[in-house]
Amino acid sequence: MNFYLKALSIAALSLLLGACTCCKKKDAMHHSHGPNYEACKGRMSKAGYLVDKDGNHLVLDREFYAFDSSDLTDESKATLKDQKDWMSNNPDFSTTIAGHCDERGTREYNIGLGERRANAAKEYLVMSGVDSSRISVVSKGKDEPIVTGSTEEAWAQNRVAITSKN
């Protein structure tokens, strides 16, 4: 019986992921840890952009991470480079980078992981020339999900660091 339940669960998950537009791209699975940013960026639940003083959307506000990782990907570094340029053009703004995690793991572990994610983004910006006094970090851990749900798609969108204007 246990074998049949596992097989049924795997089949149902496969159908669900196959129906998900975010997961249809060939490279949607990132090291078997779920959809990556490219596959999900069009389905972000919040604005997803930093804006200038006139409200013009300028650059993406978030970096995505692999499961249980705070390592920056090449895509995240490109986003952070754009954020550095944005900060250079908007010297009156300071930012907060909030590190988020998916719902898996303990609250304490995810608070630490969220902080490592936010600090990885901050360190990249500082190494790129942004004054560290303009950037604060906070960890949301798994307490404030960007997307609710217990799916690979939701988890992928919750493994982020989000930069916002102060």
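A few points on the structure. Just so you know, these numbers come straight off a predicted model, no measurement behind them.

Cut-off values and rules
Residues numbered from 1 in each chain as written. Predicted model: local features only at pLDDT ≥ 70, side-chain atom pairs only at ≥ 80, totals over all residues. Heavy atoms only, no water. Phe/Tyr/Trp six-rings, centres within 6.5 Å; stacked < 30°, edge-to-face > 60°. Buried < 20%, exposed > 50% of the residue type's maximum accessible area, 1.4 Å probe, protein only. Lys NZ or Arg CZ within 6 Å of the ring centre and 35° of its normal. Helix = DSSP H or I, 4+ residues; strand = E, 2+ residues; numbered from the N terminus. Expected span 1.5 Å × (residues − 1). Arc of directions from axis to C-beta. Contact = heavy atoms within 4.5 Å. Core = buried A, V, L, I, M, F, W, Y, C linked by side-chain atoms within 4.5 Å. Axes fitted to C-alpha atoms, helices over the stretch in contact; angles between N-to-C directions. Parallel < 35°, antiparallel > 145°, perpendicular 65-115°, else oblique. Left-handed = near helix turned anticlockwise from the far one by under 90°. Salt bridge = Lys/Arg side-chain N within 4 Å of Asp/Glu carboxyl O.

All told, the structure shown has one aromatic pair when counted by the stated rule. On the numbers, 5.7 Å between centres and 15 degrees between planes, the contact of Trp86 with Phe93 is stacked. When sorted by exposure, Trp86 lands in the same class as Phe93, which is buried. Taking the ring centre of Tyr109 as reference, the NZ or CZ of Arg116 above it sits at 5.6 Å.

The subject of this paragraph is unusual backbone geometry. If a residue is not glycine, its phi is most likely negative; likewise, a peptide bond is most likely trans. Here the phi dihedral of Asp68 falls at roughly 60 degrees; this positive angle occurs in a residue that is not glycine. With respect to the helices and strands, the residue Asp68 is situated in the loop between strand E3 (62-64) and helix H3 (74-89).

Once that is clear, we can look at helix H4 (residues 107-127). At 3.6 residues per turn, the α-helix brings residues three or four places apart onto the same side. Taking 1.5 Å as the rise per residue, H4 with 21 residues should run 30 Å; its terminal C-alpha atoms sit 30 Å apart, in good agreement. Three or more residues of H4 are buried, namely Asn110, Leu113, Gly114, Arg117, Ala118, Ala120, Ala121 and Leu125. Buried residues of H4, viewed axially, fall in a sector of 145 degrees; they line one side. What points out from H4, more than 90 degrees from its buried face, is the exposed set Glu108, Glu123 and Met127. Residues of H4 that are buried in the fold lie against E3, H3, strand E4 (95-100), strand E5 (135-141) and strand E6 (160-165). Gly129 occupies a position one or two residues after H4 and carries a positive phi of about 115 degrees.

A word on the nonpolar core. By size, the foremost hydrophobic cluster in this structure holds 15 residues, and its most contacted members are Tyr65, Met87, Ile97, Ala121, Leu125 and Ile135. For this core, the secondary structure elements donating two or more residues are H3 and H4. Take this core: its biggest share by element is four residues, from H4. Counting six residues, the second largest nonpolar core, distinct from the first, contains Phe64, Val147, Val160 and Ile162.

Another aspect to go through is the packing of H3 against H4. Put simply, H3 and H4 touch, their axes get as near as 10 Å, and they point 55 degrees apart. Here H4 runs oblique to H3, going by the angle between their axes. In terms of crossing hand, the pair formed by H3 and H4 is right-handed. Residues Lys77, Leu80, Lys81, Gln83, Lys84 and Met87 of H3 lie in contact with H4, whose contacting residues are Ala121, Tyr124 and Leu125.

Relative to the helices and strands, Ala120 resides in helix H4. Its relative accessible area of 15% is what places Ala120 among the buried residues. Taking the C-alpha atoms as reference points, Ala120 and Ser70, 50 residues apart in sequence, are found 6.7 Å from one another. Beyond its immediate sequence surroundings of up to four residues, Ala120 is in contact with Tyr65, Ser70 and Leu72.

A word on the pattern of salt bridges. Counted under the stated rule, the structure contains seven salt bridges. In this structure, Asp102 and Arg104 form a salt bridge, with 2.7 Å as the shortest nitrogen-oxygen distance. You can call Asp102 buried: its relative accessible area is 4%. In this structure, the salt-bridge partner of Asp143 is Arg107, at a minimum N-O distance of 2.9 Å. Of the two residues, Asp143 sits in the loop between E5 and helix H5 (152-158) while Arg107 sits in helix H4, which places them 36 residues apart along the sequence. Classification of Asp143 by relative accessible area gives partly exposed; the value is 39%. Bridged by salt links that share partners, the residues Lys81, Lys84 and Asp85 form one connected network.

The values are spatial; any link to function lies outside them.
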